[in-house]
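Commentary on secondary and tertiary structure
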Amino acid sequence: TRELMDAVAPGLPRPEGLLDPHSALTLLRETLQAIARTDGSVALLTPGPGSPAFYEHSRLAEGAGLLLVQPGDVDVRDGGVVDARSGERIAVLYLRLDGELAELVDDTGTGVGTRLLDAAAAGTVVLANAPGNGVADDKAMYCHVPALIGYYLQERPLLDSVPTYRTSDVTERLSVLERIGELVTKPVDGSGGEGVLIGPVASAAAVAARRQEISAQPDAWVAQEVVPLSSLPTFAGTQLEPRHVDLRVFVYLHGTGPGECRLADVALTRVAPRGSLVVNSSRGGGAKDTWIVSDVGDTGDVNAEEGETHVRAGG
């Protein structure tokens, strides 16, 4: 997005101290190299051109200097993972898969994922991110996030989480069923904004249908209070109009120590479609170039004690 803005609006004034988002690519490579247990290359494993995110996979691999491999390009030999095309040893696999690793097969139908899991269990390759970490992305876990932060980090979260209700709990379900028209309800395993119902703007028929869905499968849903998202002026063809936005930051962990958490000099401001509170590209949304401005230069360190970092979303 930064490159596009530079191309179409090269004369747009840039603030002092604007950080370069491309530094995130170096940070990505350094993070993956830091977790290697053996000698070898770092590779990004992609499902291939059929994946809707293949463009991103290619750009990341090229920019960070990673091998780009598809299921048919990796093999397990003598207990270690290699690039089948060159025989080069792979020490770290950055997983960017659409499905489960255990179910991954190559073009011939030969199982690849289970062999990679065996190699990881033997310590001959490191998988990033670790298989199973998706449990933290299950929406039923949202209400437990403050407690998880307190338990694992011995800290109190600086930002409050959105109040979340588990419809699997009888008491909370009864309250949710009465308030469907006031809440946001969503499937626990949904992605891309699929299945999200924003009660205050939903029709009576949609509210009634969602009430029936939750009653039939209470474990499959969660409910949240409606959050009034921020909005920013957005160019929509011929004019500027307000659109709802959210912000995604990128944090890289080298380990579990206090100095091993690095905040990249890049962020994604996502933009909702006109009249929508669902901020997701697959729902017709877009993105803005996000300016991260620092008065101490390019530190990228969330533990820096000097200076300030400010985030601004461009047009």
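Attention here is on the structure that accompanies the text. (Residues numbered from 1 in each chain as written. Predicted model: local features only at pLDDT ≥ 70, side-chain atom pairs only at ≥ 80, totals over all residues. Heavy atoms only, no water.)

Structural notes on the nonpolar core
A general trend in soluble globular proteins is that nonpolar side chains are found buried together. Membership of the largest hydrophobic core comes to 18 residues, with the highest contact counts inside it found for Leu28, Leu32, Leu60, Leu66, Val92 and Tyr94. Examining the composition of this core, we find that five residues originate from one element, helix 2 (residues 23–34), more than from any other. For Leu32, the residues in contact, after removing those within four places along its chain, are Val42, Leu66, Val92, Tyr94 and Ala128. If you look at the next biggest cluster of nonpolar residues, it comprises 17 residues, including Val69, Ala120, Val125 and Leu127. (Core = buried A, V, L, I, M, F, W, Y, C linked by side-chain atoms within 4.5 Å. Buried < 20%, exposed > 50% of the residue type's maximum accessible area, 1.4 Å probe, protein only. Helix = DSSP H or I, 4+ residues; strand = E, 2+ residues; numbered from the N terminus. Contact = heavy atoms within 4.5 Å.)

Re the sheet that holds strand 10 (residues 221–225)
Read from one edge to the other, the open sheet built from four strands follows the order 7-10-8-9, with strand pairing classed as antiparallel. Looking at which strands have only one partner, the edges of the open sheet turn out to be strand 7 (164–166) and strand 9 (197–198). Note: strand 8 (residues 183–187) against strand 9, two bridges, orientation antiparallel. Bridging from a neighbouring strand, Thr185 pairs with Leu197 of strand 9. Across the sheet, helix 6 (residues 170–178) lies against strand 7, strand 8 and strand 10, angled at about 115° from strand 7, the strand it touches most. (Pairing = 2+ DSSP bridges. Axes fitted to C-alpha atoms, helices over the stretch in contact; angles between N-to-C directions.)

A closer look at the sheet that holds strand 12 (residues 240–253)
Strand order in this open sheet of four strands is 11-12-13-14, and the pairing throughout is antiparallel. Two strands lie at the open edges of the sheet, namely strand 11 (231–235) and strand 14 (286–288), each paired on one side alone. Pairwise comparison of adjacent strand axes, ignoring direction, gives a mean angle of 50° for this sheet. Bridging between strand 12 and strand 13 (residues 261–271) involves eight bridges; their strand directions are antiparallel.

Section: the pairing of strand 11
Summarising the sheet, strand 11 and strand 12 pair through five bridges and their orientation is antiparallel. Across the sheet, Thr234 pairs through a bridge with Glu241, a residue of strand 12. Taken together, strand 11 and the strand that follows it, strand 12, pair antiparallel across an intervening segment of four residues, in which Gly237 is found at a positive phi of about 85°.

Comments concerning the pattern of salt bridges
Applying the stated criterion across every chain yields a total of 16 salt bridges. Residue Arg179 pairs with Glu182 through a salt bridge whose shortest N-O separation is 2.9 Å. The salt bridge involving Arg243 is made with Glu241; its shortest N-O contact spans 2.8 Å. Looking at Arg243, the relative accessible area reads 14%, which means it is buried. Looking at Glu241, the relative accessible area reads 10%, which means it is buried. (Salt bridge = Lys/Arg side-chain N within 4 Å of Asp/Glu carboxyl O.)

Focus: helix 3 (residues 54–64)
Residues separated by three or four positions in an α-helix point in the same direction, a consequence of the helix having 3.6 residues per turn. All of the buried residues in helix 3 are Phe54, His57, Leu60, Ala61 and Ala64. When helix 3 is viewed along its axis, its buried side chains cluster within an angular range of 125° and face the same direction. In helix 3, the exposed residues that point more than 90 degrees away from the buried face are Tyr55 and Glu62. Each element contacted by the buried residues of helix 3 is listed here: helix 2, strand 1 (41–45), strand 2 (67–69) and strand 5 (89–95). Of the residues one or two after helix 3, Gly65 is the one with positive phi, at around 70°. (Arc of directions from axis to C-beta.)

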